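Here is how the chains run, residue by residue.
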Amino acid sequence: MISRSSKETEKIAKEFLIGLTPLKNKATVVGLYGELGTGKTTFTKSVAKILGIKSKVNSPTYVIMKSYKLKGKSYKNLFHIDAYRLKNEKELLHLGWNEIIENKEHLVFIEWPENVIKALPKKHHQIHITHTKEGHRKFRIKKV
Ligand SMILES: Nc1ncnc2c1ncn2[C@@H]1O[C@H](COP(=O)(O)OP(=O)(O)OP(=O)(O)O)[C@@H](O)[C@H]1O
Ligand SMILES: [Mg+2]
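All values reported here derive from a predicted model rather than from experimental measurement.

Rules used in this analysis
- Residues numbered from 1 in each chain as written.
- Chains lettered and ligands numbered in written order.
- Predicted model: local features only at pLDDT ≥ 70, side-chain atom pairs only at ≥ 80, totals over all residues.
- Helix = DSSP H or I, 4+ residues; strand = E, 2+ residues; numbered from the N terminus.
- Rg over C-alpha atoms; globule rule 2.2 N^0.38 Å.
- Buried ≥ 20, exposed ≤ 12 C-beta atoms within 10 Å, placed from the backbone.
- Pairing = 2+ DSSP bridges.
- Contact = placed C-beta atoms within 7 Å.
- Axes fitted to C-alpha atoms, helices over the stretch in contact; angles between N-to-C directions.
- Expected span 1.5 Å × (residues − 1).

Enquirer: Is there a simple way to explain the overall build of the chain in this structure?
Expert: Counting its regular elements, the chain contains four helices and seven strands. Along the chain, from the amino end to the carboxyl end, the secondary structure elements read β-α-β-α-β-β-α-α-β-β-β. Over its C-alpha atoms the chain spans a radius of gyration of 14 Å, differing by no more than 12% from the 15 Å that the globule rule assigns to 144 residues. For the C-alpha atoms alone, the extent of the chain along its principal axes is close to 40 × 35 × 30 Å. Among the 144 residues that make up the chain, the fraction classed as buried is 33%.

Enquirer: What should I look at first to understand the sheet that holds strand β3 (residues 65–69) in this one?
Expert: Sheets are built from strands that pair by backbone hydrogen bonding, the pairs being arranged parallel or antiparallel. Strand order in the open sheet formed by seven strands is β1-β7-β6-β2-β5-β4-β3, with mixed pairing between adjacent strands. Both outer strands of the open sheet, β1 (2–3) and β3, are each paired with one neighbouring strand and no more. Strand direction decides the pairing type here: strand β6 (residues 125–131) and strand β7 (residues 137–142), joined by six bridges, are antiparallel. Across the sheet, the residue bridging to His131 is Arg137, located in β7. Of the strands in this sheet, β2 (28–33), β3, β4 (77–82), β5 (106–111) and β6 are in contact with helix α2 (residues 40–50), which crosses β5 at around 160°.

Enquirer: What exactly am I supposed to notice about unusual backbone geometry here?
Expert: Leave glycine aside and you will find that most residues have negative phi; peptide bonds, for their part, are mostly trans. Residue Ile64 is not a glycine yet carries a positive backbone phi of 70°. A residue is classified by how many C-beta atoms lie within 10 Å of it, and Ile64, with 17 of them, is partly exposed. Even without glycine at this site, Trp112 takes up a positive phi of about 55°. Summarising the element assignment, Trp112 is placed in the loop between β5 and β6. By the C-beta count within 10 Å, which is 20 here, Trp112 ends up buried.

Enquirer: Would you mind showing me how to read helix α1 (residues 6–17) here?
Expert: Since the α-helix packs 3.6 residues into each turn, any two residues three or four apart lie on the same face. Along its twelve residues, α1 runs 16 Å from first to last C-alpha, staying within 8% of the 16 Å computed at 1.5 Å per residue. Where α1 is buried, its residues touch β1, α2 and β7. At the C-terminal side of α1, Gly19 shows a positive phi close to 85°.

Below, the structure written as structure tokens:
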């Protein structure tokens with residue numbers, strides 16, 4: 001799927017969220033894979049907007065993690081994590097990662113999952129974004 005703008009990314013996010021069903025006893029974790037500036041934060045912002053979050057969703061590069069309360073039926077909390085500045089899993093564990101991923105009411109989006117790959121559940125959805133020659137973005141989605 002090709003996205004030429006944040007607007008088109010929002011369409012892709014909408015489709016992704018349709019049919020995303022909570023796991024029975026674990027959080028739903030989504031890894032956003034892709035080089036600098038491919039649009040990982042843009043995708044997460046779209047998700048937040050679609051799920052009804054009114055407050056501004058900024059990149060959590062410096063704070064590492066942000067969480068938002070959701071009003072929907074499927075999930076009660078959205079977590080947005082940017083692992084760019086993390087050297088390894090340890091720092092993620094200090095943020096209460098294990099509690100976060102134990103809760104089936106949690107929906108977790110994580111940028112730069114490669115940096116903390118050992119801490120990610122094996123069953124996590126993957127979204128791979130790459131730059132195209134034309135300056136657009138290509139999305140490849142692997143749902144579990
Ligand atoms: N589909 C798209 N088409 C064109 N430009 C886009 C698209 N998606 C995002 N952008 C632009 O690319 C820039 C980087 O986007 P974004 O911050 O979402 O990337 P990122 O993958 O989160 O980067 P980082 O690795 O720094 O966290 C922004 O200026 C954004 O508006
Ligand atoms: Mg980002």
